[in-house]
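Chain and residue survey
One-letter residues, chain by chain:
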Amino acid sequence: MKTDVLEELNIKGFVDEAIDPTLDLFEEIEKLKKEKNAIVLAHYYQEADIQDVADYIGDSLGLSQEAAKTKADVIVFAGVHFMAETAKILSPEKKVLLPDLKAGCSLADSCPPHLFKKFKEKYPDHLVITYVNCTAELKALSDIVCTSTNAVQIVESLPKDQKIIFGPDKNLGAWVAKKTGRDLVLWNGACMVHEIFSREKITKLKERHPNAKFIAHPECEEAVLQMADYIGSTTGLLKYSINSDAQEFIVATESGIIHQMEKASPGKTFIPAPPTNSCACNDCAYMKRNTLEKLYLCMKNGLPEVTVPANIIVEARKPIERMLEISASLGL
């Protein structure tokens, strides 16, 4: 591989190459999928064009399950870095690509593994459950990984006298503790996207839309969750919006999910919950680093590739597989 290409990837995080403006990128991506036996996995928070070209769209649990069972030779992960790492851990023999290496995660960054290791040492008799939104190194320090879809059920599947450390998301951890009645030791981490919803602005929005259901992701702060008609994972929010008789919804999670909500329920109205800043909706800057152009170039060049050290793969795979086993046994 050319040194200048590697240097550019390290600096920019993506392949920066001119694209013929007459190209139909949707068509070209479909061709590349067949040519390279590649699958495109996209998170609900990706931009609409990427969701529309993906072979599978889902939340962290669904994406993990899909990465574990795919027969493709190449997994193109349109999401953030920890998700691509999870795919590599579950399918180490496959090539895993990420359109932009700098598509990171504020929550994963809030829990450096070396500090968490010291934190864990203070509680030697505790089992460690970590939210999937964390680095491969953190997963390697865990006993079980969970997602917002299965966190409550995983905690409930353990003996009541089992002491538990839950990290890195303190808001999700507090919600799980409340739902299960368990006393969890929480790491003080959070997602910046879910932490900046404005309770005051949401209250005003609810006044303007009195019939709207307010639905929220459990990574939101307690003050916001207290207002919610329904709290659930990204997939849970989507299912609720489909099954509810309500015609209007105020949605407190990353606004990318609204694309799927509108596709599933075209007659309903979806309003993104406002953040405390001046923006109209709440976008994850990391998720939105991926674009259709970067996805095309990534597939065309086979770069950037996500790799995980072999020893980390071995250790990190155990808690992820335990999560998948528990989820399968519970029918999740």
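Computed from a predicted structure; not experimentally measured. (Residues numbered from 1 in each chain as written. Predicted model: local features only at pLDDT ≥ 70, side-chain atom pairs only at ≥ 80, totals over all residues. Heavy atoms only, no water.)

Describing empty space enclosed by the protein
Any empty space left between atoms is shown by rolling a water-sized probe over those atoms. The criterion, for reference: The way it works is a 1 Å grid over only the protein atoms, where trapped points that fit a 1.4 Å probe form a cavity and open points with protein on both sides within 12 Å along at least five of seven lines form a pocket, and then any residue with an atom within 4 Å of a point lines it. Grid points are joined across faces, edges and corners, and a volume is the space filled by probe spheres set on the points. By definition, any uninterrupted DSSP run of H or I lasting at least four residues is a helix, any uninterrupted run of E lasting at least two residues is a strand, and each is numbered from the N terminus. Any residue that is not Ala, Val, Leu, Ile, Met, Phe, Trp, Tyr, Cys, Pro, Asp, Glu, Lys or Arg is counted as polar, Gly included; the first ten are nonpolar and the last four charged.
Tallied over the full model, the rule gives 2 cavities of 30 Å³ or more. Of the volumes computed, that of the largest cavity is approximately 250 Å³. Around the largest cavity sit 26 residues that line it, and Tyr45, Asn133, His194, Glu219 and Met287 are the ones nearest its centre. Sorting the residues of the lining of the largest cavity by element identifies helix H5 (81-90), helix H6 (106-109) and helix H11 (192-195) as the ones contributing at least two each. At 3 residues, H11 tops the list of elements feeding residues into the lining of the largest cavity. Split into classes, the residues belonging to the lining of the largest cavity amount to 13 nonpolar, 11 polar and 2 charged.

Topic: the sheet that holds strand E12 (residues 269-272)
Cut-off, in case you're wondering: Two strands make a pair as long as DSSP finds a minimum of two bridges between them. Here, residues are in contact when the closest pair of their heavy atoms is within 4.5 Å. Axis geometry follows a simple rule: fit a line to the C-alpha atoms, using only the stretch in contact for helices, then measure angles between N-to-C directions, giving values from 0 to 180 degrees.
Taken in spatial order, the 4 strands of this open sheet run E10-E9-E11-E12, and their pairing is parallel. Of all the strands in the sheet, the pair left with one neighbour each is strand E10 (230-231) and E12. The strands touched by helix H15 (residues 257-264) within the sheet are strand E9 (213-216), strand E11 (248-252) and E12, with E12 carrying the most contacts at an inclination of about 170°.

As for the sheet that holds strand E1 (residues 38-43)
Within a sheet, adjacent strands bond to each other through the backbone by hydrogen bonds, running parallel or antiparallel. The strand order E2-E1-E3-E4 describes an open sheet built from 4 strands, whose pairing is parallel. With partners counted over all chains shown, the strands left at the sheet margins are strand E2 (56-58) and strand E4 (95-97), one partner each. Within the sheet, the average angular offset between the axes of one strand and its neighbour, ignoring direction, is 20°. By the bridge criterion, 3 bridges tie E1 to E2 in an arrangement that is parallel. Each bridged residue has a counterpart across the sheet, and for Leu41 the counterpart in E2 is Tyr56. Packed onto the sheet, helix H4 (residues 60-69) meets E1, E2 and strand E3 (74-78) and runs at close to 170° relative to E1. Here H5 sits on the sheet in contact with E1, E3 and E4, set at roughly 160° to E3.

Some points on the confidence of the model for the protein chain
How we decide: pLDDT is defined as a per-residue confidence score from the predictor, taking values between 0 and 100.
Confidence along the protein chain averages 92 in pLDDT terms, with 97% of residues attaining 70 or more. By mean pLDDT, helix H1 (residues 3-12) is the weakest element of the protein chain at 75, and E10 is the strongest at 98.

Here's the deal with the packing of H4 against H5
Note the cut-off: By definition, any crossing whose near helix is turned counterclockwise from its far helix by less than a right angle is left-handed, and any crossing with a clockwise turn is right-handed.
At a closest axis distance of 8 Å, the pairing of H4 and H5 adopts a crossing angle of 35°. Here H4 runs over H5; the crossing is right-handed. Facing H4, whose interface residues are Ser60, Leu63, Ser64, Ala67 and Ala68, H5 presents Phe82, Met83, Thr86, Ala87 and Leu90. Partitioning the contact of H4 with H5 into residue classes produces 7 nonpolar, 3 polar and no charged.

Looking at helix H16 (residues 292-301)
We count it as follows: Burial classes follow relative accessibility: with a 1.4 Å probe on protein chains only, a residue under 20% of its type's maximum area counts as buried, one over 50% as exposed, and anything between as partly exposed.
In terms of burial, H16 is largely enclosed, as 7 of its 10 residues are buried. For H16, the full list of buried residues reads Leu292, Lys294, Leu295, Tyr296, Leu297, Cys298 and Met299. Gly302, located one to two residues past H16, shows a positive phi value of around 70°.

Re the nonpolar core
To keep things clear, this is the line we draw: Among buried residues, those of type Ala, Val, Leu, Ile, Met, Phe, Trp, Tyr and Cys that are joined through side-chain atoms within 4.5 Å constitute a nonpolar core.
Ile129 and Phe214 are the most contacted members of the largest nonpolar core, which has 81 residues in total. For this core, the element with the most residues is helix H17 (residues 310-329), which contributes 7 residues. Setting aside residues no more than four positions away along its own chain, Ile129 makes contact with Ile144, Cys146, Ile154, Val155, Leu158, Ile164, Ile165, Phe166 and Gly167. Core analysis: the second largest hydrophobic core is formed by 22 residues, Ala38, Ala42, Cys298 and Leu303 among them.

Considering the packing of H5 against H17
For clarity, the threshold we go by: Should an angle fall under 35 degrees it is taken as roughly parallel, and over 145 as roughly antiparallel, whereas 65 to 115 is taken as roughly perpendicular and any remaining angle as oblique.
Two numbers describe how H5 lies on H17: the axes approach to 9 Å, and their chain directions differ by 95°. Put simply, H5 runs roughly perpendicular to H17. Contacts between H5 and H17 pair Thr86, Lys88, Ile89 and Leu90 from the former with Ile313, Ala316, Arg317, Ile320 and Leu324 from the latter. Its residues assigned to classes, the contact of H5 with H17 shows 6 nonpolar, 1 polar and 2 charged.

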